[in-house]
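Each chain is listed here by its residues.
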Amino acid sequence: NAIRHSKAKRISVTISFMDNFIKTIVADNGVGFNLQDIEQQTKENTRHSFGLPIIKERVRLLSGSLFIDTKPGEGTKIAVTIPFN
């Protein structure tokens, strides 16, 4: 999705294994987006892409946490932390 939608020139992926969790961070220097607009469009079912809602649901089902930092023109950073035994 970062390649397809963000027009990024640089994308980084970091995966860290800690004692009881795994953390994945995907960051790009692309066009970014207004998160509130995407969430509203998803609620109104006016958007054909459901990438972020699917990510949120999967993270929730795994008892994890999701952090999204994005602004139009400033790229996007998505961090997911999932606990494991």
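The structure under discussion appears in the preceding block.
Residues numbered from 1 in each chain as written. Predicted model: local features only at pLDDT ≥ 70, side-chain atom pairs only at ≥ 80, totals over all residues. Heavy atoms only, no water.

> Can you walk me through the nonpolar core in this structure?
Soluble globular proteins tend to bury their nonpolar side chains together. Among the nonpolar cores identified, the biggest contains seven residues, and these are Leu35, Leu52, Val59, Ile68, Ile78, Val80 and Ile82. Counting only elements with at least two residues in this core, the list comes to α3 (51-61) and β4 (76-83). Residues contacting Val80, with those up to four places away along its chain left out, are Ile22, Lys23, Thr24, Val59, Ser65 and Leu66. (Core = buried A, V, L, I, M, F, W, Y, C linked by side-chain atoms within 4.5 Å. Buried < 20%, exposed > 50% of the residue type's maximum accessible area, 1.4 Å probe, protein only. Helix = DSSP H or I, 4+ residues; strand = E, 2+ residues; numbered from the N terminus. Contact = heavy atoms within 4.5 Å.)

> Honestly, the sheet that holds strand β2 (residues 21-28) in this entry has me stumped. Any pointers?
Taking strand neighbours across the sheet as the criterion, the four strands line up as β1-β2-β4-β3 in an open arrangement whose pairing is antiparallel. Edge positions in the open sheet fall to β1 (11-17) and β3 (65-70), since each of these has one partner strand only. The sheet shows a mean angle of 10° between the axes of neighbouring strands, taken without regard to direction. Against the sheet, α3 engages β3 and β4, with an angle of about 150° to β3. (Pairing = 2+ DSSP bridges. Axes fitted to C-alpha atoms, helices over the stretch in contact; angles between N-to-C directions.)

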